Amino acid sequence: MNWFGNEVEIARFTYWWQVISCYIIYMVPISLLLRKLPFHMQYAYGLVAMALLEFGGFFFKTSYAFPGNILDEMLGIRNFTLGMALFFAFYFPIGNWGVGKLYELIFKIKE
């Protein structure tokens, strides 16, 4: 997503290593904690986690939003971070669903 955000000039991380710290060190453990919850609860808790991450990224200037990007145009500049958090919160329930389906496919076991 960092590559895509940079290519279409929406937003990007300031440092390359943030991709690892954000997705592996921050999001994977949260996803593991949420995996047994229903979809709507995973999304709700994921939204809180992503709101904190997005807010912190822009507050500490470790994330950069391109001026006049497509999300600013659609949502307004004051809603950019909210829009990002709402979108990325879906990573938790959809990712857990996908991993569950892959697990079933590989091991032929239903959870």
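Residues numbered from 1 in each chain as written. Predicted model: local features only at pLDDT ≥ 70, side-chain atom pairs only at ≥ 80, totals over all residues. Heavy atoms only, no water.

Asker: What should I look at first to understand the nonpolar core in this one?
Answerer: Within soluble globular proteins, side chains that are nonpolar tend to cluster in buried spots. By size, the foremost hydrophobic cluster in this structure holds 15 residues, and its most contacted members are M50, F80, M84 and F92. Looking at this core, the elements with two or more residues in it are β1 (11-13), α2 (18-34), α3 (39-59) and α5 (80-88). Apart from residues no more than four positions distant in its own chain, F92 is found in contact with M27, I30, S31, L34, Q42, G46 and M50. (Core = buried A, V, L, I, M, F, W, Y, C linked by side-chain atoms within 4.5 Å. Buried < 20%, exposed > 50% of the residue type's maximum accessible area, 1.4 Å probe, protein only. Helix = DSSP H or I, 4+ residues; strand = E, 2+ residues; numbered from the N terminus. Contact = heavy atoms within 4.5 Å.)

Asker: Just checking my understanding: could you explain the pattern of salt bridges for this structure?
Answerer: Any two side chains of opposite charge can pair, on the condition that their charged atoms come close. Tallied over the entire structure, the rule returns one salt bridge. Of the charged contacts in the structure, one is a salt bridge between E104 and K101, with a shortest N-O distance of 3.9 Å. Here E104 pairs with K101, and both are found in helix α6 (residues 91-107), just three residues apart, close to one helical turn. A relative accessible area of 37% means that K101 is categorised as partly exposed. (Salt bridge = Lys/Arg side-chain N within 4 Å of Asp/Glu carboxyl O.)

Asker: What exactly am I supposed to notice about unusual backbone geometry here?
Answerer: Generally, phi is negative for residues other than glycine and the peptide bonds are trans, each holding for most cases. The residue E9 is not glycine, and still its phi comes out positive at about 55°. Residue position: E9 is located in the loop between α1 (2-7) and β1. Phi is positive for K61, close to 60°, though the residue is something other than glycine. By secondary structure assignment, the location of K61 is in the loop between α3 and β2 (63-65). Judged by relative accessible area, which is 65%, K61 ranks as exposed.

Asker: I would appreciate a short explanation of α6 in the present structure.
Answerer: Structurally, the α-helix is built with 3.6 residues per turn, so residues lying three or four positions apart point the same way. For α6, which comprises 17 residues, the first-to-last C-alpha distance of 23 Å matches the rise-based estimate of 24 Å (1.5 Å per residue) to within 8%. Taken together, the buried positions of α6 are F92, P93, N96, G100 and E104. With its buried residues spanning 100° around the axis, α6 presents them on a single face. Away from its buried face, by an angle of more than 90 degrees, α6 presents the exposed residues V99, L105 and I106. Residues of α6 that are buried make contact with α2, α3 and α5. Positive phi shows up at K108, right after α6, with a value of about 55°. (Expected span 1.5 Å × (residues − 1). Arc of directions from axis to C-beta.)

Shape descriptors only; they carry no functional weight alone.
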